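Summary of the model geometry
Here is what each chain is made of, one letter per residue.
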Amino acid sequence: DKNNANASVELKLNHSLAQIAFVVWKDNFFCEGVMSQIAITDNTIPSNLKINKAGSNDLKMKLADGTFTGGETSSSITVTNIGNTINLTENPGETPNDLKTKVNAYILLVPTVITDKTKIQFTFKIDSKDYIVSLTGATPISFAQGNQYIFNVKLSGTALSITSVTVTEWTRNYVGPIVIQ
(Lines give C-alpha, C1' and ligand atoms only; values in the text may rest on other atoms or scores of the structure.)
Protein backbone atom coordinates (compact mmCIF):
# COMPACT_ATOMS: atom_id res chain seq x y z
CA ASP A 1 0.00 0.00 0.00
CA LYS A 2 1.20 3.50 -0.80
CA ASN A 3 0.68 6.22 1.79
CA ASN A 4 2.58 9.02 3.57
CA ALA A 5 4.81 6.53 5.38
CA ASN A 6 5.47 4.53 2.21
CA ALA A 7 5.24 7.08 -0.57
CA SER A 8 7.73 5.65 -3.10
CA VAL A 9 6.89 3.52 -6.08
CA GLU A 10 9.17 2.13 -8.78
CA LEU A 11 7.79 1.83 -12.28
CA LYS A 12 9.65 0.37 -15.22
CA LEU A 13 8.64 2.28 -18.32
CA ASN A 14 9.37 0.82 -21.74
CA HIS A 15 9.35 2.69 -25.02
CA SER A 16 6.08 2.19 -26.85
CA LEU A 17 7.43 3.42 -30.19
CA ALA A 18 10.20 2.27 -32.51
CA GLN A 19 13.12 4.59 -33.19
CA ILE A 20 14.64 4.80 -36.65
CA ALA A 21 18.07 6.36 -36.07
CA PHE A 22 20.71 7.45 -38.55
CA VAL A 23 24.47 7.72 -38.30
CA VAL A 24 25.45 9.63 -41.43
CA TRP A 25 29.12 9.94 -42.35
CA LYS A 26 30.97 11.64 -45.22
CA ASP A 27 33.25 9.98 -47.77
CA ASN A 28 34.46 12.20 -50.64
CA PHE A 29 31.82 14.78 -49.75
CA PHE A 30 33.37 18.21 -49.50
CA CYS A 31 30.38 20.44 -48.74
CA GLU A 32 29.46 21.58 -45.24
CA GLY A 33 27.01 18.71 -44.61
CA VAL A 34 24.23 20.45 -42.67
CA MET A 35 21.31 18.03 -42.28
CA SER A 36 18.07 19.97 -41.85
CA GLN A 37 15.35 17.37 -42.48
CA ILE A 38 14.72 13.64 -42.78
CA ALA A 39 11.67 11.71 -43.92
CA ILE A 40 10.55 8.12 -44.16
CA THR A 41 8.18 7.23 -46.98
CA ASP A 42 6.19 4.00 -47.30
CA ASN A 43 5.22 3.47 -50.94
CA THR A 44 2.99 0.50 -50.07
CA ILE A 45 -0.68 0.90 -51.01
CA PRO A 46 -2.21 1.40 -48.52
CA SER A 47 0.63 2.81 -46.44
CA ASN A 48 1.56 1.23 -43.11
CA LEU A 49 2.84 4.35 -41.31
CA LYS A 50 0.56 5.72 -38.62
CA ILE A 51 0.32 9.33 -37.43
CA ASN A 52 -1.93 11.34 -35.14
CA LYS A 53 -5.21 12.24 -36.82
CA ALA A 54 -5.32 15.94 -37.70
CA GLY A 55 -7.44 17.93 -35.25
CA SER A 56 -8.45 15.06 -32.97
CA ASN A 57 -5.20 13.97 -31.29
CA ASP A 58 -6.63 10.46 -30.92
CA LEU A 59 -3.54 8.27 -31.33
CA LYS A 60 -3.27 6.32 -28.08
CA MET A 61 -1.47 3.31 -26.68
CA LYS A 62 -3.27 0.79 -24.46
CA LEU A 63 -1.26 0.33 -21.28
CA ALA A 64 -2.51 -3.23 -20.86
CA ASP A 65 -0.90 -4.63 -24.01
CA GLY A 66 0.95 -1.81 -25.81
CA THR A 67 -1.28 -1.78 -28.88
CA PHE A 68 -2.15 1.50 -30.56
CA THR A 69 -5.61 2.78 -31.41
CA GLY A 70 -6.76 5.82 -33.33
CA GLY A 71 -4.63 7.87 -35.65
CA GLU A 72 -4.58 7.58 -39.40
CA THR A 73 -2.24 6.15 -42.00
CA SER A 74 0.24 8.30 -43.84
CA SER A 75 2.66 7.59 -46.64
CA SER A 76 5.35 9.83 -45.12
CA ILE A 77 6.66 11.08 -41.79
CA THR A 78 9.01 14.06 -41.80
CA VAL A 79 11.24 15.47 -39.06
CA THR A 80 12.29 19.08 -39.63
CA ASN A 81 14.67 21.56 -37.99
CA ILE A 82 17.36 18.96 -37.30
CA GLY A 83 20.28 21.36 -37.73
CA ASN A 84 23.08 18.80 -37.29
CA THR A 85 26.30 19.02 -39.26
CA ILE A 86 27.71 15.72 -40.48
CA ASN A 87 31.23 15.61 -39.04
CA LEU A 88 32.08 11.90 -39.23
CA THR A 89 34.53 11.16 -42.05
CA GLU A 90 34.94 7.42 -41.64
CA ASN A 91 32.68 4.41 -41.26
CA PRO A 92 31.64 4.22 -37.59
CA GLY A 93 31.36 0.42 -37.73
CA GLU A 94 28.53 -1.69 -36.36
CA THR A 95 29.07 -1.76 -32.59
CA PRO A 96 25.69 -0.74 -31.08
CA ASN A 97 27.09 1.24 -28.13
CA ASP A 98 29.42 3.22 -30.42
CA LEU A 99 26.67 3.89 -32.95
CA LYS A 100 24.27 5.12 -30.25
CA THR A 101 26.70 7.93 -29.42
CA LYS A 102 26.98 9.03 -33.06
CA VAL A 103 23.30 9.29 -34.09
CA ASN A 104 22.77 12.41 -36.27
CA ALA A 105 18.97 12.24 -36.49
CA TYR A 106 16.02 9.97 -35.76
CA ILE A 107 12.35 9.36 -36.49
CA LEU A 108 9.86 7.91 -34.01
CA LEU A 109 7.38 5.39 -35.44
CA VAL A 110 4.28 3.63 -34.25
CA PRO A 111 5.36 -0.04 -34.50
CA THR A 112 4.56 -1.53 -37.90
CA VAL A 113 5.42 -4.29 -40.33
CA ILE A 114 6.17 -3.50 -43.98
CA THR A 115 5.74 -6.61 -46.14
CA ASP A 116 8.18 -5.43 -48.85
CA LYS A 117 11.02 -3.32 -47.50
CA THR A 118 11.90 -2.04 -51.00
CA LYS A 119 8.82 0.19 -50.56
CA ILE A 120 10.64 2.13 -47.78
CA GLN A 121 12.52 5.24 -48.79
CA PHE A 122 14.47 7.77 -46.69
CA THR A 123 14.96 11.36 -47.81
CA PHE A 124 17.69 13.48 -46.21
CA LYS A 125 17.89 17.23 -46.82
CA ILE A 126 21.60 18.04 -46.61
CA ASP A 127 22.92 21.48 -47.56
CA SER A 128 19.42 22.27 -48.95
CA LYS A 129 19.58 19.31 -51.37
CA ASP A 130 17.47 16.13 -51.16
CA TYR A 131 19.30 12.80 -51.04
CA ILE A 132 17.11 9.71 -51.37
CA VAL A 133 17.96 6.13 -50.45
CA SER A 134 15.69 3.07 -50.55
CA LEU A 135 15.94 -0.21 -48.71
CA THR A 136 16.86 -3.27 -50.74
CA GLY A 137 15.64 -6.86 -50.70
CA ALA A 138 11.93 -7.57 -51.11
CA THR A 139 11.56 -9.16 -47.67
CA PRO A 140 9.41 -7.92 -44.79
CA ILE A 141 10.76 -5.49 -42.22
CA SER A 142 9.31 -5.06 -38.77
CA PHE A 143 9.74 -1.90 -36.73
CA ALA A 144 8.95 -3.21 -33.24
CA GLN A 145 8.24 -1.15 -30.13
CA GLY A 146 11.19 -0.60 -27.83
CA ASN A 147 13.74 -1.24 -30.58
CA GLN A 148 16.18 1.19 -32.11
CA TYR A 149 17.05 0.61 -35.77
CA ILE A 150 20.36 2.36 -36.43
CA PHE A 151 21.05 2.89 -40.12
CA ASN A 152 24.70 3.47 -40.98
CA VAL A 153 24.49 5.86 -43.96
CA LYS A 154 27.42 6.84 -46.19
CA LEU A 155 27.24 10.20 -47.97
CA SER A 156 29.67 10.22 -50.88
CA GLY A 157 29.82 12.74 -53.70
CA THR A 158 26.20 13.07 -54.79
CA ALA A 159 24.72 9.85 -53.40
CA LEU A 160 23.72 8.13 -50.17
CA SER A 161 24.02 4.43 -49.42
CA ILE A 162 23.04 2.37 -46.40
CA THR A 163 26.08 0.34 -45.36
CA SER A 164 24.46 -1.53 -42.45
CA VAL A 165 21.48 -1.66 -40.10
CA THR A 166 21.88 -2.46 -36.42
CA VAL A 167 18.82 -3.45 -34.39
CA THR A 168 19.21 -2.93 -30.67
CA GLU A 169 17.13 -2.25 -27.60
CA TRP A 170 16.19 1.38 -27.31
CA THR A 171 17.92 1.95 -24.01
CA ARG A 172 17.01 4.53 -21.47
CA ASN A 173 19.01 7.71 -21.06
CA TYR A 174 17.72 8.75 -17.65
CA VAL A 175 17.95 6.80 -14.44
CA GLY A 176 16.69 8.40 -11.25
CA PRO A 177 13.62 9.61 -9.47
CA ILE A 178 10.83 11.46 -11.21
CA VAL A 179 8.80 13.49 -8.74
CA ILE A 180 5.06 13.50 -9.42
CA GLN A 181 3.08 15.96 -7.33
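Our subject in this report is the structure included herewith. (Residues numbered from 1 in each chain as written. Predicted model: local features only at pLDDT ≥ 70, side-chain atom pairs only at ≥ 80, totals over all residues. Heavy atoms only, no water.)

**Observations concerning the packing of aromatic side chains**
Just so we agree on the cut-off: What counts as a ring pair is set by centres within 6.5 Å for rings of Phe, Tyr and Trp (its six-membered ring), and what kind of pair is set by the plane angle: stacked under 30 degrees, edge-to-face over 60, tilted for all other angles. For the purposes of this entry, the term helix denotes a DSSP run of H or I that reaches at least four residues, the term strand denotes a run of E that reaches at least two, and both are numbered from the N terminus. Buried residues are those whose accessible area, probed at 1.4 Å on protein chains only, stays under 20% of the maximum for their type, while exposed residues exceed 50% and partly exposed ones sit between those limits.
Counted according to the given criterion, the structure contains six aromatic pairs. Note on Phe22 and Phe122: the rings are 5.0 Å apart at their centroids and 75° apart in plane angle, and the pair reads as edge-to-face. Taken together, the positions of Phe22 in strand β1 (residues 18-26) and Phe122 in strand β10 (residues 120-126) put the pair 100 residues apart, joining distant regions of the chain. Note on Phe22: relative accessible area 1%, which makes it buried. With a centroid separation of 5.0 Å and an interplanar angle of 85°, the aromatic rings of Phe22 and Phe124 are classed as edge-to-face. Note that Phe22 is positioned in strand β1 and Phe124 in strand β10, a separation of 102 residues in sequence.

**Points about the environment of Ser47**
In plain terms, the rule: Any two residues having at least one pair of non-hydrogen atoms within 4.5 Å are treated as being in contact. Two N or O atoms count as a polar contact when they lie within 3.5 Å, although within protein this holds only if one can serve as hydrogen donor and the other as acceptor, and sequence-adjacent residues are included solely when both atoms are side-chain atoms.
By secondary structure assignment, the location of Ser47 is in the loop between β2 (34-42) and β3 (49-51). Separated by 29 residues in the primary sequence, Ser47 and Ser76 have C-alpha atoms spaced 8.6 Å apart. Those residues in contact with Ser47 that lie beyond four places of it in its chain are Asp42, Thr73, Ser74 and Ser75. A polar contact is formed between the side chain of Ser47 and the side chain of Asp42, at a distance of 3.5 Å.

**Digging into the nonpolar core**
To keep things clear, this is the line we draw: Nonpolar cores were defined as sets of buried Ala, Val, Leu, Ile, Met, Phe, Trp, Tyr and Cys residues, with membership established by side-chain atoms within 4.5 Å.
In this structure, Ile20, Phe22, Phe122 and Phe124 are the most contacted members of the largest nonpolar core, which totals 30 residues. Counting only elements with at least two residues in this core, the list comes to β1, β2, β7 (76-85), β8 (105-109), β10, β11 (129-134), β12 (141-143) and β13 (147-156). Beyond its immediate sequence surroundings of up to four residues, Phe124 is in contact with Phe22, Val24, Met35, Gln37, Ile38, Lys129, Asp130, Tyr131, Val133, Val153 and Leu160.

**What about the sheet that holds β10?**
Note the cut-off: A pair of strands is considered paired only if DSSP assigns at least 2 bridges between the two. Under this scheme, a helix contributes an axis fitted over its contacting stretch, all axes are lines through C-alpha atoms, and angles between N-to-C directions fall in the 0 to 180 degree range.
Spatially, the four strands line up as an open sheet ordered β7-β2-β10-β11, and their pairing is antiparallel. Single-partner strands in this sheet number two, and they are β7 and β11. Pairwise comparison of adjacent strand axes, ignoring direction, gives a mean angle of 20° for this sheet.

**Observations concerning the pattern of salt bridges**
Side chains carrying opposite charge are able to pair once their charged atoms draw close together. Put simply, the rule reads: In what follows, salt bridge is the name for a side-chain nitrogen of Lys or Arg lying within 4 Å of a carboxyl oxygen of Asp or Glu.
All chains considered together, the criterion is met by three salt bridges. Between Lys154 and Asp27 there is a salt bridge, and its shortest N-O distance comes to 3.7 Å. Within this pair, whereas Lys154 is found in strand β13, its partner Asp27 is found in the loop between β1 and β2, the two being separated by 127 residues in sequence. Overall, Asp27 belongs to the partly exposed group, its relative accessible area being 28%. Lys53 is paired through a salt bridge with Asp58; the nearest N and O atoms lie 3.7 Å apart. Take Lys53: its relative accessible area is 34%, and that puts it in the partly exposed class.

**A look at the side chain of Thr123**
Topologically, Thr123 is positioned in strand β10. By relative accessible area, which is 17% here, Thr123 ends up buried. With residues up to four places along the chain from it excluded, the contact list for Thr123 reads Gln37, Ile38, Ala39, Asp130, Tyr131 and Ile132.

**Considering the side chain of Asn152**
The residue Asn152 is located in strand β13 in this model. Polar contacts involving the side chain of Asn152 include one to the side chain of Asn91, which spans 3.0 Å. Here the side chain of Asn152 touches Gly93 through a polar contact of 3.1 Å, landing on its backbone oxygen. Not counting the four nearest positions on each side in its chain, Asn152 is found in contact with Val23, Trp25, Asn91, Pro92, Gly93, Ser161, Ile162, Thr163 and Ser164.

Fair warning: the whole summary comes from geometry, so function is off the table for now.
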